[in-house]
Each structure stands twice: as C-alpha cells, then as structure tokens.
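# Chains, contacts and geometry: an overview
Take a look at the letters that make up each chain.
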Amino acid sequence: MKILIRNLPRTLLENSLKELFEAYGEVQSCTIVLDKTSGESKGFGFIEIAKVGDAKAAIQSLNGKPINGNKIRVKKAETTKNA
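Here's what I pulled together on the structure shown here.

About the cut-offs
- Residues numbered from 1 in each chain as written.
- Predicted model: local features only at pLDDT ≥ 70, side-chain atom pairs only at ≥ 80, totals over all residues.
- Heavy atoms only, no water.
- Salt bridge = Lys/Arg side-chain N within 4 Å of Asp/Glu carboxyl O.
- Helix = DSSP H or I, 4+ residues; strand = E, 2+ residues; numbered from the N terminus.
- Buried < 20%, exposed > 50% of the residue type's maximum accessible area, 1.4 Å probe, protein only.
- Pairing = 2+ DSSP bridges.
- Axes fitted to C-alpha atoms, helices over the stretch in contact; angles between N-to-C directions.
- Contact = heavy atoms within 4.5 Å.

## Observations concerning the pattern of salt bridges
- One pass over the structure, following the stated rule, counts one salt bridge.
- Glu22 serves as the salt-bridge partner of Lys18, at 4.0 Å between the closest nitrogen and oxygen. With Lys18 and Glu22 both in helix H1 (residues 14-22), this residue pair falls four residues apart, about one helical turn.
- Residue classification places Lys18 among the partly exposed positions, given a relative accessible area of 33%.
- On the accessibility criterion, Glu22 (41% relative accessible area) is partly exposed.

Rendered as structure tokens:
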C-alpha cells in the first residue's frame, strides 16, 4: 500500500523517514519529493509498505505524530486511473 506523508520537516532525510515506518512492516520504497530547482524537500513524501495491515497500522499510529516540531499527516495515497 502506498502512503502519503505531508508536513515533513524540510531537513528530514529519506533514511530517517524509512526508519520511522520500518517499525510497522517491510518498507518497499521511500521517497521524499524534492524541488527540481533548489533540490530541497517540498515537505512531503511517499512510503510503500508490502502488507496492507502493516500500512494501516502505520497510518493510524503515525498520523499527527510530531517530528522536529511538525505534526506529520499520514494517509493512504490516492491512485489516479487513466481511462
């Protein structure tokens, strides 16, 4: 299941984000979205967790968790379908 994480501290690194979610299950991928011009974090990212149950537990536990002064927002990523 792909998870969207918003309101990340701009200084947070991908390995730190991955470690946070690995407590709930196997992380298949971890990406923090970067600004193309500056290369700095845009403050959000995506995590993919193999098992749906593990992903749901991570969402429930981590949504609203403060990280470096920011309360992160965690939810299932919406998938877009092309017709």
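What follows picks up the thread again.
## Comments concerning the pairing of strand E3 (residues 41-49)
- Bridging between strand E1 (residues 2-6) and E3 involves five bridges; their strand directions are antiparallel. Paired with Leu4 across the strands is Phe46, a residue of E3.
- Summarising the sheet, strand E2 (residues 27-34) and E3 pair through six bridges and their orientation is antiparallel. Opposite Ile32, over in E3, you have Gly45 as the bridge partner.
- Adjacent in sequence and paired antiparallel, E2 and E3 are bridged by six residues, among which Gly39 carries a positive phi angle near 80 degrees.

## A word on the sheet that holds E1
- Taken in spatial order, the four strands make up an open sheet running E2-E3-E1-E6, and their pairing is antiparallel. The sheet is open, and its two borders are formed by E2 and strand E6 (73-76), each paired with just one other strand. Taken pair by pair, the neighbouring strands of this sheet meet at an average axis angle of 20 degrees, ignoring direction.
- Against the sheet, H1 touches E1, E2, E3 and E6, its axis set at about 140 degrees to E2.
- Together, E1, E3 and E6 form the strand contacts of helix H2 (residues 52-62), whose direction differs from that of E6 by roughly 155 degrees.

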